[in-house]
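# Examining the three-dimensional arrangement
Single-letter residue listing:
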Amino acid sequence: MSVIEKLAIISDTITKVMNFVLSDELVKPDFDEYLATLSAKNADAARIQVLLIPYIFERRLTADRKTIIELFEEKNTDLTTTEKEILSNLAQSFASVFEIRRVLSNGFELYNLVNEKMYKVLSLVKMNNFRGITPGQFALCRIFPMSQEFYLLEISNVLSSINKEEVYKYAIAKIIEKPEDAYEQNPKKQEQIEELVKNFGNKFIECFETDEIITTNLYADNLINMFNIYCDTNNLPSKEDIEANIKQVENNRYFSVSDFKNSYSDFMEKSLEGFSSHSSTYDIGIIYDKELGLFVIPFYQTFCKIFEVDDYKTIQGYKDCIKNFLENDKVPANIIKRIAAKYNNFIKIINEILETNYNIDSLLNYYKPDSVDKKIYSSASVLYASKIFEQMMNFVSNKEESNKKNGIDYSNVGRNDKCPCGSGKKYKNCCMPKG
């Protein structure tokens, strides 16, 4: 099969999947709802085609959470061997943020900021569709592997090199959202993270003499900072300092915390503010899992109390708490197993509240299929090993220093305000950092 023939059949197969989404009696209503959530119900054909790509590769339907590609294959039993192979490879596609290193005659050389790996990707369309894209820019792309090559499915956005801070934020947010993207295709990075998780696990026990701490959001940042300092300097915090930061909430209850709902654009600022900046007080579990690393889990004690008290209905928000822990991807199967091992009544109460009939394996296979099937390290552990996170922290540190140079605080100056240095110029034309 020639290159042109291969590209044609790949494109044709993708088109068939798109048409399936737009016509299938099960999938189309869900896609229409998806468009409505994006305020794109009346979008034109070009916009809908753009939105089809993330929908196809990120959506799961039916009780057993089948992907769109799996549903397509079920409904199309006459697929050729080549089409099945293409679909299998499309299922391995991933989206990330890349630095464009070279523009080729038939594609690009891209550096993935998330997993720190170079990719040569072939374009499915003519390269004149990408006029204006140049080396040094950053692109949000989805690519997929096939026959030891990578192909470009889409470029959803292109950012200039002067937007480096926003690009770094997005890359770090991708790691937090899906930490396995940082190492699944990079064995060396996975080895580095495994070693880090092991070493930090030992340090956590040395630091706190336990692998599980319960406190409130007002004190959690202090404990995490003590651990970070110990990792960096080997200076153990005193037992008095640790005990002073282990507090209990007045009563355990579950409620929605609006502070968790941050966009990619402000998540770094919110993360740096920490849990103590949240307006409400709630319990937090700081857990070190020896296989997966450090987890900081809001309402951990409240969740445990559901299985401790005589009547779980006395725990305000108990049902929403159960659903949050099961449906939240940030709570892996290992954490649920840890709690289930503590309480003999765990699965009984879960089934009673949800009106289901799970055993522990079927519960985890339904709610935590990804973390059951593969090892997903905590986002905190992956960030510790991430070059882009280190660069972002240096960027923030340098920015803070430049904001206070010569004893002048520039931190709250608007770009069009007069520069505090006294030059009479606007800040953007004077001391504001460039790039």
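Residues numbered from 1 in each chain as written. Predicted model: local features only at pLDDT ≥ 70, side-chain atom pairs only at ≥ 80, totals over all residues. Heavy atoms only, no water.

## Points about the overall build of the chain
Across its full length, the chain holds 18 helices and 10 strands. Looking at the chain residue by residue over its 435 residues, the buried ones come to 45%. Summed over its atoms, the accessible surface of the chain is roughly 23,300 Å², and 46% of this surface lies on carbon and sulfur atoms. (Helix = DSSP H or I, 4+ residues; strand = E, 2+ residues; numbered from the N terminus. Buried < 20%, exposed > 50% of the residue type's maximum accessible area, 1.4 Å probe, protein only. Areas by Shrake-Rupley, 256 points an atom, 1.4 Å probe, with all protein chains shown as cover.)

## Observations regarding the sheet that holds strand S10 (residues 293-298)
With respect to topology, three strands assemble into an open sheet ordered S8-S9-S10, the strand pairing being antiparallel. The strands lining the two open edges of the sheet, one partner per strand, are strand S8 (212-216) and S10. If you compare each strand with its neighbour and ignore which way they point, the axes differ by 20° on average. Inspection of the sheet shows S8 paired to strand S9 (residues 283-289) by five bridges, in the antiparallel sense. The residue of S9 that forms the bridge with Thr-216 is Asp-283. Where helix H8 (residues 217-233) meets the sheet, it contacts S8, S9 and S10, and its direction lies at approximately 140° from that of S8. Against the sheet, helix H11 (residues 300-308) engages S8, S9 and S10, with an angle of about 90° to S9. (Pairing = 2+ DSSP bridges. Axes fitted to C-alpha atoms, helices over the stretch in contact; angles between N-to-C directions. Contact = heavy atoms within 4.5 Å.)

## Quick word on the environment of Ser-379
Relative to the elements of secondary structure, Ser-379 occurs in helix H17 (residues 379-384). Placed 87 residues apart in sequence, Ser-379 and Leu-292 show a C-alpha to C-alpha distance of 9.3 Å. The residues contacting Ser-379, other than those within four sequence positions of it, are Ile-175, Ile-176 and Pro-179.

## Topic: the packing of helix H1 (residues 3-23) against helix H2 (residues 27-37)
Running from amino to carboxyl end, H1 crosses H2 at an angle of 85°, the nearest separation of the two axes being 5 Å. The pairing of H1 with H2 is recorded here as roughly perpendicular in orientation. Counting all contacts with H1, which are made through Phe-20, Val-21, Leu-22 and Ser-23, the residues of H2 involved are Val-27, Lys-28 and Phe-31. Within the contact of H1 with H2, the residues separate by chemical class into five nonpolar, one polar and one charged. (Parallel < 35°, antiparallel > 145°, perpendicular 65-115°, else oblique. Nonpolar A, V, L, I, M, F, W, Y, C, P; charged D, E, K, R; others polar.)

## With respect to the sheet that holds strand S6 (residues 138-146)
The strand order S3-S4-S5-S7-S6 describes a closed barrel built from five strands, whose pairing is mixed. Averaged over all adjacent pairs, the angle separating strand axes in this sheet is 55°, with direction ignored. Where strand S4 (residues 107-112) lies against strand S5 (residues 117-123), six bridges are found, and the strand directions are antiparallel. Its bridge partner being in S5, Asn-112 is matched across the sheet by Lys-117. The strands touched by H1 are S5, S6 and strand S7 (149-159); relative to S7, the strand with the most contacts, the crossing angle is about 60°. Sheet strands touched by helix H5 (residues 81-90): S6 and S7. Its angle to S6, the strand with the most contacts, is close to 140°.

## Remarks on helix H4 (residues 68-75)
Every buried residue of H4 is accounted for by Ile-68, Ile-69, Leu-71 and Phe-72. The buried residues of H4 occupy an angular sector of 160° when the element is viewed end-on, so they sit on one face. Its buried side turned inward, H4 meets H1, H2, helix H3 (45-58), strand S1 (60-61), strand S2 (66-67) and H5. (Arc of directions from axis to C-beta.)

## Examining the pairing of S7
Of the pairings in the sheet, the one linking S5 to S7 comprises three bridges and is parallel in character. For Val-121, the partnering residue across the bridge sits in S7 and is Phe-150. Across nine bridges, the pairing between S6 and S7 is antiparallel. Paired with Arg-142 across the strands is Glu-154, a residue of S7.

## A closer look at a negative patch on the surface
A cluster of acidic side chains, namely Glu-177, Asp-329, Asp-370 and Asp-373, defines a negative patch on the protein surface. On the secondary structure map, Asp-373 appears in helix H16 (residues 369-373). Residue classification places Asp-373 among the exposed residues on the basis of a relative accessible area of 64%. (Patch = residues over 30% accessible without salt bridge, like charges linked within 9 Å, V, L, I, M, F, W, Y side chains within 5 Å. Salt bridge = Lys/Arg side-chain N within 4 Å of Asp/Glu carboxyl O. Lys, Arg positive; Asp, Glu negative; His and termini not counted. Charge placed at Lys NZ, Arg CZ, Asp CG, Glu CD.)

## Looking at the pattern of salt bridges
Tallied over the entire structure, the rule returns 21 salt bridges. With a shortest N-O distance of 3.0 Å, Lys-28 and Asp-32 are connected by a salt bridge. Placement of both Lys-28 and Asp-32 in helix H2 is noted, with a separation of four residues, approximately one turn of the helix. We note a salt bridge from Glu-166 to Lys-169, for which the minimum N-O separation is 3.7 Å. Placement of the pair is Glu-166 and Lys-169 together in helix H6 (residues 164-177), with a separation of three residues, close to one helical turn. By relative accessible area, which is 3% here, Lys-169 ends up buried.

## Some words on the environment of Glu-184
Inspection of the secondary structure assignment puts Glu-184 in the loop between H6 and helix H7 (187-208). Between the C-alpha atoms of Glu-184 and Ile-376, which are 192 residues apart in sequence, the distance is 9.4 Å. Within the structure, the side chain of Glu-184 is placed 3.2 Å from the side chain of Lys-374, a separation counted as a polar contact. (Polar contact = N/O pair within 3.5 Å; in protein donor to acceptor, adjacent residues only side chain to side chain.)

Everything listed here is a matter of coordinates, which is why it stays silent on function.
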